[in-house]
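Architecture and fold: a report
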Amino acid sequence: MEGGKIWVFGVLVSSVLMRVAGGAEGKDLAPCDFPAVYNFGDSNSDTGAFSATASPTQLPDGQTFFRKPAGRGCDGRLIIDFIAEELGIPYLSPYLDSVGSNFSHGANFAYGGATILRQTWQSPGIPFHLAVQARQFSQFKARTIDMYKQGKNTSRLPRPEDFSEALYTLDIGQNDVYTSTWSSNPLSLIPDLINNFTLALQTLYDQGGRAFWIHNVGPNGCLPAAQNNIWNRSQETFDKNGCINSWNERVVEYNRQLKDRAIKLRALLPEAAITYVDVYTAKIRRAT
């Protein structure tokens with residue numbers, strides 16, 4: 001995640017934040033000034049929840065930037081870390097981490113292995129699907145406001161007025177598309193994924209969220225894990241890079257339906273600024 005990729009991710013994050021601020025092209029805009037970020041997702045944006053509650057990360061995780069394990073399932077920073085840097089706020093503390101957390105500029109509800117749908121026998125043991133993460137946020141907001149009303153120490157909590165001014169990022173879905181491999185008709189599951197994704201975003205909107213980053217799914221068929229889970233290679237086809245065509249076709253269809261829903265949500269939630277980030281082809285599209 002580090003090295004030459006840092007510049008690429010930095011440009012991507014900067015461009016996305018410009019578009020969240022307004023304007024299809026994002027030109028001639030002042031830098032975004034979100035006071036806080038609330039993130040929801042899986043291992044792609046988990047900054048330590050899984051590590052704190054299930055299995056602590058170990059080297060080589062964290063070695064190229066933090067120089068030690070830092071809760072992330074990679075050797076350096078995640079895209080959500082670059083967002084924090086771009087906004088000039090601290091890296092997001094995991095909501096489930098009980099040691100040293102600081103939520104004054106937001107919180108991270110992402111959990112490694114999390115899915116959009118409730119867990120099934122195919123992917124047991126991870127209870128923090130997207131609806132649970134949204135409910136955790138609702139509780140976090142309610143308890144924060146209550147702490148302010150009681151006059152207790154709130155130095156590590158966000159200001160109540162920041163909830164409506166914050167950036168809400170959603171980076172989830174890869175595990176759902178991955179586990180759909182075991183379904184006899186994987187494409188039939190996608191509408192349910194999109195509907196449940198929408199319900200979670202609606203919850204955040206009802207809680208005052210107005211600026212949203214919707215991050216789609218990358219080419220799962222190119223993951224080493226995908227290659228290791230092919231039961232019969234003679235029944236699979238591969239592209240020129242060795243990626244599994246059938247897996248990536250499912251991802252493309254999921255991303256297509258997710259983008260379509262993002263556009264519809266823009267009309268249904270007129271007060272929301274919704275930006276769709278296409279990580280599959282490294283493009284950014286304004287959902288208008």
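A brief report on the enclosed structure follows.

Each value, and the rule that gives it
Residues numbered from 1 in each chain as written. Predicted model: local features only at pLDDT ≥ 70, side-chain atom pairs only at ≥ 80, totals over all residues. Heavy atoms only, no water. Helix = DSSP H or I, 4+ residues; strand = E, 2+ residues; numbered from the N terminus. Buried < 20%, exposed > 50% of the residue type's maximum accessible area, 1.4 Å probe, protein only. Contact = heavy atoms within 4.5 Å. Areas by Shrake-Rupley, 256 points an atom, 1.4 Å probe, with all protein chains shown as cover. Phe/Tyr/Trp six-rings, centres within 6.5 Å; stacked < 30°, edge-to-face > 60°. Lys NZ or Arg CZ within 6 Å of the ring centre and 35° of its normal. Core = buried A, V, L, I, M, F, W, Y, C linked by side-chain atoms within 4.5 Å. Axes fitted to C-alpha atoms, helices over the stretch in contact; angles between N-to-C directions. Parallel < 35°, antiparallel > 145°, perpendicular 65-115°, else oblique. Left-handed = near helix turned anticlockwise from the far one by under 90°. Disulfide = S-S within 2.5 Å.

What follows covers the overall build of the protein chain. Per the secondary structure count, the protein chain includes eight helices and six strands. Across the protein chain, helices and strands are ordered from the amino to the carboxyl terminus as α-β-α-α-β-α-β-α-α-β-α-α-β-β. When each of the 288 residues of the protein chain is scored for burial, the buried share is 49%. Taking as baseline every contact in the protein chain between residues at least 6 positions apart, the subset at least 24 positions apart corresponds to 67%. Within the structure as shown, the protein chain displays about 13800 Å² of accessible surface, and the carbon and sulfur contribution to it stands at 53%.

Turning our eyes to something else, we now look at the packing of aromatic side chains. Applying the stated criterion to the full structure yields 20 aromatic pairs. Ring geometry for F65 against F66: centres 4.9 Å apart, planes inclined by 90 degrees, an arrangement best described as edge-to-face. Chaining the aromatic ring pairs together yields one cluster made of Y38, F40, Y95, F103, F109, F137, F140, F163, Y168 and F212. Residue placement shows R72 over the ring face of Y91; its charged tip is 5.7 Å from the ring centre. Stacked on the ring of Y205, the Lys or Arg R210 has its end atom at 3.9 Å from the ring centre.

Turning to the nonpolar core, a few remarks are in order. Residues Y38, F140, Y168, F197, F212 and Y254 are the most contacted members of the largest nonpolar core, which totals 45 residues. Mapped by element, the contributors of at least two residues to this core are strand 1 (37-41), helix 4 (130-150), strand 3 (167-171), helix 6 (190-206), strand 4 (211-215), helix 8 (245-268) and strand 5 (273-278). Sort the elements by how many residues they give to this core and helix 6 lands first, with eight residues. When near neighbours in sequence (up to four residues on either side) are disregarded, F197 contacts I116, L130, L170, I172, I214, Y254 and L258. Counting residues in each nonpolar core, the second largest holds 16 residues, with F34, L78, L167 and V277 among its members.

The next point concerns the packing of helix 6 against helix 8. Contact pair helix 6 / helix 8: the axes reach a minimum separation of 10 Å and the direction vectors enclose 40 degrees. One element, helix 6, and the other, helix 8, form an angle in the oblique class. Crossing handedness for the pair helix 6 and helix 8: right-handed. Here helix 6 contributes I190, P191, L193, I194, N195, F197, T198 and L201 to the contact with helix 8, which in turn contributes R250, E253, Y254, Q257, L258, R261 and L265.

Turning our attention to the state of the cysteines. Applying the stated criterion across every chain, the model contains one disulfide. A sulfur-sulfur separation of 2.0 Å characterises the disulfide bridge that pairs C222 with C243. The S-S bond linking C222 to C243 shows a torsion near 110 degrees; that makes this disulfide right-handed. Taken together, the residues span a long stretch of sequence, with C222 in the loop between strand 4 and helix 7 (224-228) and C243 in the loop between helix 7 and helix 8 at a distance of 21 residues. With a relative accessible area of 6%, C243 lands in the buried category.

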